[in-house]
Amino acid sequence: GEADGRGKEWKRFISYKGEGALPSEVTEPKIYIDKKALTVVLPIHGFAVPFHINAIKNASKNDEAEYVYLRINFQTPGQLTGKKEDTPFEDPDATFIRSLTYRSLNRTRFDNLFAAIQQLKKDVNKREQQKKEMAD
Amino acid sequence: MSTTEYGDIWHLEEHGKLRIGSSGISWKALEGGKTVNVPASELKWAEWTRVARQFQLRIGLKDTWRREAFDGFTRQDQDSVGGLIKQHFDLNMEVKELSWRGWNWGATDFRGQDLVFLIGNKPAFEIPLPSVANSNIAGKTEVSLEFIQPDMPKKSAKNAPDELMELRMYIPGTLPKDNDNEDDA
């Protein structure tokens, strides 16, 4: 079966080849969107952790009292999506980050980040679709 | 005896200055008076890593899991910090390579009190276990970690930090392997 994408070809992607490729603008523990590298850099306990847009499934945003919450959901096997899961994975048995949730008092900033992540995802999906159509 | 001072150095979420001298390494917060001191005789290892606040000096202590991390060094500081560590403590500061692949899958491991997430055998990030407020197992394959937020004075919305509240992991290895694939066999 292909419930976890086994048997399908996984297409390799990479954010940065090394530390030197990380944008020098990353100088504080804040979410940073690198459109050129199709990457969202997320702060995790002081580390700057890149996540390629292909690894990101979607994002969601919620308001709660004075805070705004931004949740990044990642592509993982075994998600109940309702439809047949056909995303291929490099290693379906690995440990996956499934989501990361951030909060901020800065609503405008998180609104902009949310919109930018959605736009990046949309652009990449569109490009993939065009590639597929060209190949057919 | 001479000491060298670096300003703009962070210890967790506090801003301060760090001194390296023959007696050891010490850091002092700019406000509030918090200090971190590691005497030369306790130092066991030193590492240099690219982190969110540019570069981090991480030092390990003898006979304990304690380690301390100081962020905010610039790329240009590497040679001088490494030189001082060698000169004062006779230790080689190791440059620690991280994974920059951008993948969300890998493996977890423990290093002292840090949970390490490895991608292709290189760490992508570490989570200090004392920062975990709560953890839950949802179903058989999902683990969530909720984090303690540092007790800092609230900043204006404009300068508010991006606070990591929760991380969820999917760990398929805990499920019997050929159970979920039999349906369409």
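Residues numbered from 1 in each chain as written. Chains lettered and ligands numbered in written order. Predicted model: local features only at pLDDT ≥ 70, side-chain atom pairs only at ≥ 80, totals over all residues. Heavy atoms only, no water.

## Some words on the interface of chain A and chain B
With 62 residues of chain A in contact, the opposing surface of chain B contributes 52 residues. Taken over both partners, the interface formed by chain A and chain B buries close to 4900 Å², and the fraction arising from carbon and sulfur atoms is 56%. The largest share of the area that chain A buries against chain B comes from A:His45, A:Phe47 and A:Thr95, three residues that together contribute 16% of it. A:Arg109 is the salt-bridge partner of B:Asp162, the closest N and O atoms lying 2.5 Å from each other. Applying the counting rule to chain A against chain B returns 24 residue pairs in polar contact (both at pLDDT 80 or more). (Contact = heavy atoms within 4.5 Å. Buried area = accessible area lost by both parts, 1.4 Å probe. Salt bridge = Lys/Arg side-chain N within 4 Å of Asp/Glu carboxyl O. Polar contact = N/O pair within 3.5 Å; in protein donor to acceptor, adjacent residues only side chain to side chain.)

## Overview of the sheet that holds strand S3 (residues 47-52) of chain A
Residue and element names in this part refer to chain A. Read from one edge to the other, the open sheet built from three strands follows the order S1-S2-S3, with strand pairing classed as antiparallel. Of all the strands in the sheet, just strand S1 (32-34) and S3 have a single pairing partner and so form its edges. Averaged over all neighbouring strand pairs, the angle between strand axes comes to 30°, with direction disregarded. Inspection of the sheet shows S1 paired to strand S2 (residues 39-44) by three bridges, in the antiparallel sense. Pairing of Ile33 across the sheet is with Val40, part of S2. Most of the contacts of helix H1 (residues 107-135) go to S1, to which it runs at about 25°, and overall it touches S1 and S2. (Pairing = 2+ DSSP bridges. Helix = DSSP H or I, 4+ residues; strand = E, 2+ residues; numbered from the N terminus. Axes fitted to C-alpha atoms, helices over the stretch in contact; angles between N-to-C directions.)

## Thoughts on the pattern of salt bridges
For the coordinates displayed, the defined rule picks out 23 salt bridges over all chains. Taking the shortest distance from any N to any O, the salt bridge between A:Arg98 and B:Glu142 comes out at 2.6 Å. Placement of A:Arg98 in strand S6 (residues 95-104) and of B:Glu142 in strand S13 (residues 142-147) is noted, with the two residues assigned to different chains. Classification of B:Glu142 as buried rests on a relative accessible area of 12%. One network of salt bridges, with partners in common, ties together B:Glu47, B:Arg58, B:Arg67, B:Lys96, B:Arg111, B:Asp114 and B:Glu126. (Buried < 20%, exposed > 50% of the residue type's maximum accessible area, 1.4 Å probe, protein only.)

## Let's talk about the confidence of the model for chain B
With 92% of its residues at a pLDDT of 70 or more, chain B shows a mean pLDDT of 91. With pLDDT under 50 throughout, residues 179-185 of chain B is counted as low confidence; its partners more than four residues away or in other chains account for nine contacts. (pLDDT = per-residue confidence, 0-100.)

## Examining the side chain of B:Gln149
For B:Gln149, the position within the fold is in the loop between S13 and strand S14 (163-170). Here the side chain of B:Gln149 touches B:Leu164 through a polar contact of 2.8 Å, landing on its backbone oxygen. For B:Gln149, the residues in contact, after removing those within four places along its chain, are A:Arg103, B:Glu163, B:Leu164 and B:Met165.

## Concerning the pairing of strand S10 (residues 114-119) of chain B
Residue and element names in this part refer to chain B. The buried count for S10 comes to six of six residues, which makes it a mostly enclosed element. Alternating positions in S10 separate into two faces, Asp114, Val116 and Leu118 on one and Leu115, Phe117 and Ile119 on the other, with burial throughout. Pairing of strand S9 (residues 105-111) with S10 involves five bridges; the strand directions are antiparallel. Its bridge partner lying in S10, Asp109 is registered against Val116. Between S9 and S10, which pair antiparallel in sequence order, lie two residues; one of them, Gly112, sits at a positive phi of approximately 60°. Strand direction decides the pairing type here: S10 and strand S11 (residues 122-128), joined by six bridges, are antiparallel. For Phe117, the partnering residue across the bridge sits in S11 and is Phe125.

## Section: the domain arrangement of chain B
All names here are of chain B. In terms of domain boundaries, chain B breaks down into domain 1 (3-95) and domain 2 (107-174). Inter-centroid distance (C-alpha atoms) of domain 1 to domain 2 is 24 Å. Listed as interface residues are six residues of domain 1 and, on the opposing side, eight residues of domain 2. Around 580 Å² of area is buried between domain 1 and domain 2 when both sides are counted, 51% of it from carbon and sulfur atoms. On the domain 1 side of the interface with domain 2, the three residues burying the most area are Glu13, Trp65 and Arg67, jointly 63% of the side's total. (Domains from an automatic or database assignment.)

## A word on the pairing of strand S2 (residues 14-21) of chain B
Regular strands show a simple pattern: their side chains alternate between the two faces of the sheet. Residue and element names in this part refer to chain B. Two elements, strand S1 (residues 3-11) and S2, share seven bridges in a ladder whose sense is antiparallel. Bridging from a neighbouring strand, Trp10 pairs with His15 of S2. Joining the antiparallel neighbours S1 and S2 is a turn of two residues, in which Leu12 adopts a positive phi near 50°. Taken together, the six bridges between S2 and strand S3 (residues 24-29) define a ladder with antiparallel strand orientation. Across the sheet, residue Leu18 finds its bridge partner in S3, namely Trp27. Linking S2 back to S3 in an antiparallel pair, the connection comprises two residues.

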